[in-house]
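Okay, here's what each chain looks like letter by letter:
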Amino acid sequence: MVMSSGAMEREAKKEGFRKYLESSGVLDALTKGLVALYDQNDKPSSAIEFIQQKLGGPTVSEYEKLQAAMSDLQIRYDELRVAHQEKCREVGIRTLLPSFTPLNIIGMGEKKVWCCILRDL
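Rules of the game
- Residues numbered from 1 in each chain as written.
- Predicted model: local features only at pLDDT ≥ 70, side-chain atom pairs only at ≥ 80, totals over all residues.
- Heavy atoms only, no water.
- Salt bridge = Lys/Arg side-chain N within 4 Å of Asp/Glu carboxyl O.
- Helix = DSSP H or I, 4+ residues; strand = E, 2+ residues; numbered from the N terminus.
- Buried < 20%, exposed > 50% of the residue type's maximum accessible area, 1.4 Å probe, protein only.
- Expected span 1.5 Å × (residues − 1).
- Arc of directions from axis to C-beta.
- Contact = heavy atoms within 4.5 Å.
- Polar contact = N/O pair within 3.5 Å; in protein donor to acceptor, adjacent residues only side chain to side chain.
- pLDDT = per-residue confidence, 0-100.
- Phe/Tyr/Trp six-rings, centres within 6.5 Å; stacked < 30°, edge-to-face > 60°.
- Lys NZ or Arg CZ within 6 Å of the ring centre and 35° of its normal.

A. Highlighting the pattern of salt bridges. The tally for this structure, following the rule as stated, stands at six salt bridges. Ionic pairing is found between Arg18 and Glu22, a salt bridge with its closest N-O pair at 2.6 Å. Highlighted residues: Arg18 and Glu22, both in helix α1 (residues 5-23), separated by four residues, approximately one helical turn. You can call Arg18 partly exposed: its relative accessible area is 34%. Given the relative accessible area of 48%, Glu22 is considered partly exposed. Residue Glu79 is joined to Arg76 by a salt bridge in which the shortest nitrogen-to-oxygen separation is 3.7 Å. With Glu79 and Arg76 both in helix α4 (residues 60-91) and three residues apart, the pair spans about one turn of that helix. Its relative accessible area of 44% is what places Glu79 among the partly exposed residues.

B. Main features of helix α2 (residues 26-39). In a regular helix each residue adds 1.5 Å, so 14 residues correspond to 20 Å; α2 covers 20 Å between its end C-alpha atoms and thus fits that length. Gly33, Ala36 and Leu37 are the residues of α2 that are buried. Relative to the axis of α2, the buried residues are bounded by an arc of 100° and lie together on one face. In α2, the exposed residues that point more than 90 degrees away from the buried face are Lys32, Leu34, Tyr38 and Asp39. Tucked inside the fold, the buried residues of α2 contact α3 (47-54).

C. Geometry of the side chain of Thr59. By the secondary structure assignment, Thr59 is in the loop between α3 and α4. Here the side chain of Thr59 touches Ser61 through a polar contact of 3.2 Å, side chain to side chain. Dropping the residues within four chain positions of it, Thr59 is found in contact with Glu49 and Gln53.

D. Just α1, in detail. Along its 19 residues, α1 runs 27 Å from first to last C-alpha, staying within 8% of the 27 Å computed at 1.5 Å per residue. Phi turns positive one or two residues past the end of α1, at Gly25, with a value near 90°.

E. Highlighting the confidence of the model for the protein. With 75% of its residues at a pLDDT of 70 or more, the protein has an overall mean of 81. By mean pLDDT, the top-scoring element of the protein is α2 (95), and the lowest-scoring one is strand β2 (residues 112-120) (46). In the predicted structure, residues 103-108 sits below a pLDDT of 50 and forms eight contacts with residues beyond four places in sequence or in another chain. Note on residues 112-121: pLDDT under 50 across the span, and 36 contacts to partners over four residues away in sequence or across chains.

F. The packing of aromatic side chains, seen in detail. Under the defined criterion, the tally for this structure stands at one aromatic pair. Judged by centre distance (6.1 Å) and plane angle (35°), the rings of Phe17 and Tyr20 are tilted. A residue pair is termed a helical-turn pair when its members lie 3 or 4 positions apart in one helix, as Phe17 and Tyr20 do in helix α1 at three residues. One Lys or Arg, Lys43, reaches over the ring of Tyr38 and ends 5.8 Å from the middle of that ring.

Below, the structure is given as structure tokens:
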């Protein structure tokens, strides 16, 4: 059977992707998670949540707690920022608050450097 050039390209792309998943450890991690699920005598009510936990992710309840905490912290930050701006206006000084931005520095690879950029509000 002769494959068209389009079919050969798709097969090559699939094979390249499979090799990528294998070399990066994805296939091994998924296989271990699926084997652990298979070995469970009492199957969990949510297979996807079980696999997520095996891959190191938070449970749904942990995720929801983290989201709520982040929301509470954002509200508190916004309140403090407004109070700071009002206090600065009271005493007649210009408000400069730092804005922290991760920057990739040439030669630092995956490491990020946090740079404080001052901005007028």
